[in-house]
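# Notes for the structure review
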Amino acid sequence: MISQASRPVSQYISFLIAGDEYAVNILRAREIVEHGATSRVPMMPACIVGAMNLRGRVVPVIDLAVKLGLPPTEVSRWTCVLIVEIELDGEDTRLGLLIDAVGDVLTLSEDEIEPAPRFGAPVRTDELLGMAKMGDKLVMLLDIDRVLSPAELLASTALGPSDPRASPALSGSHGAPVGEGDWP
C-alpha cells in the first residue's frame with residue numbers, strides 16, 4: 001500500500017465564476033492583477049474583452065464566464081485578472097482571465113479528483129481535467145490548454161450577427177453596434 005506521503009499531489013489556484021469554483025494548475029498561473037482598463041479590439045470573439053498593458057506587455061483578456069457559456073462577468077471590487085501561460089503555435093503566451101474572485105491554493109492528491117461527469121457541469125467535459133472533492137463541495141479543474149486553445153477561441157466567432165446570442169465585436173458609445181445610432 002502506498003503511504004499518503006508518497007502519493008502524487010498537484011497544486012491548483014482556485015477562483016470563482018458565476019458562483020461556482022474552478023481551478024487551474026498553479027504551474028500555469030503567473031500572477032493575479034487588479035481588474036483595470038482594457039482596450040477593446042475589433043472583430044474578436046465575444047469572450048475576448050480586450051487587451052491590457054501589463055508592465056509594457058500587451059496581454060489579451062478573456063472573460064472566462066463567456067468562454068464557458070455563462071453570462072458575462074459583472075465587475076465588482078473582487079473582480080481580478082488571473083494571468084496564465086499557455087502554449088500557442090509553439091510559443092509561450094500569457095493571457096488574462098477575467099474572474100469574479102480569486103480563491104485558495106489547493107493541494108490535491110489523485111484520489112481527491114474524480115473524472116468529469118458526462119452531464120451536470122456547466123462546461124464541456126472535454127475542457128475539464130476532473131472535479132476535486134473539497135468537503136461537501138466540488139471544484140472544477142479546468143484543462144486550460146483546451147479551454148484557451150486557438151480553435152476553441154475561434155469557435156466563439158461561430159455566432160453570427162443573425163444569432164441572438166451574438167454580441168457585436170465592437171460597439172458604439174451606447175451599446176449599439178458601430179454604424180447603428182452613432183450618426184443621424
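As the structure is a computational prediction, the values presented were derived from the model and not from experiment.

## A short note on the side chain of D143
Turning to its location among the elements, D143 is positioned in the loop between β11 (137-142) and α2 (144-147). Here D143 occupies a buried position and makes no salt bridge, while the nearest side chain of opposite charge, R146, is found at 4.2 Å. Once residues within four sequence positions are removed from consideration, D143 is found in contact with E127, L128 and L129.

## With respect to the confidence of the model for the protein
Averaged over all residues, the pLDDT of the protein equals 78, while 73% of them reach at least 70. By mean pLDDT, the top-scoring element of the protein is strand β2 (residues 20-25) (95), and the lowest-scoring one is helix α3 (residues 150-155) (62). Residue range residues 156-184 is modelled with pLDDT below 50. Its contacts to residues more than four positions away, or to other chains, number 29 contacts.

## Some details on the sheet that holds strand β3 (residues 29-34)
Taken in spatial order, the five strands make up an open sheet running β3-β6-β7-β5-β4, and their pairing is mixed. At either margin of the open sheet sits one strand with a lone partner, and together these are β3 and β4 (48-54). The mean angle between the axes of side-by-side strands here comes to 35°, regardless of whether they run parallel or antiparallel. Pairing between strand β5 (residues 57-63) and strand β7 (residues 91-99): three bridges, direction parallel. Pairing of D63 across the sheet is with L98, part of β7.

## Section: the environment of S149
Within the secondary structure, S149 is located in the loop between α2 and α3. With 60 residues separating them in the primary sequence, S149 and D89 have C-alpha atoms 9.9 Å apart.

## Looking at a negative patch on the surface
Taken together, the side chains of E87, D89, E91 and D92 make up a negatively charged region of the molecular surface. Residue placement: D92 occurs in strand β7.

## Observations regarding the environment of P45
Looking at where P45 falls in the secondary structure, it is placed in the loop between β3 and β4. Along the backbone, P45 and K67 are 22 residues apart, and their C-alpha atoms lie at a distance of 9.2 Å.

## Observations regarding unusual backbone geometry
Backbone phi values are negative for most residues with the exception of glycine, while trans is the configuration of most peptide bonds. The phi torsion at M43 lies on the positive side, around 65°, for a residue other than glycine. One can find M43 in the loop between β3 and β4.

## Let's talk about the pattern of salt bridges
Per the stated rule, a full pass over the model turns up seven salt bridges. Linking R55 and E31 is a salt bridge whose minimum nitrogen-to-oxygen distance equals 2.5 Å. Taken together, the residues span a long stretch of sequence, with R55 in the loop between β4 and β5 and E31 in strand β3 at a distance of 24 residues. Within the structure, one salt-bridge network assembled from shared partners comprises R30, E85 and R94.

What counts as what
- Residues numbered from 1 in each chain as written.
- Predicted model: local features only at pLDDT ≥ 70, side-chain atom pairs only at ≥ 80, totals over all residues.
- Heavy atoms only, no water.
- Helix = DSSP H or I, 4+ residues; strand = E, 2+ residues; numbered from the N terminus.
- Buried < 20%, exposed > 50% of the residue type's maximum accessible area, 1.4 Å probe, protein only.
- Lys, Arg positive; Asp, Glu negative; His and termini not counted.
- Salt bridge = Lys/Arg side-chain N within 4 Å of Asp/Glu carboxyl O.
- Contact = heavy atoms within 4.5 Å.
- pLDDT = per-residue confidence, 0-100.
- Pairing = 2+ DSSP bridges.
- Axes fitted to C-alpha atoms, helices over the stretch in contact; angles between N-to-C directions.
- Patch = residues over 30% accessible without salt bridge, like charges linked within 9 Å, V, L, I, M, F, W, Y side chains within 5 Å.
- Areas by Shrake-Rupley, 256 points an atom, 1.4 Å probe, with all protein chains shown as cover.
- Charge placed at Lys NZ, Arg CZ, Asp CG, Glu CD.

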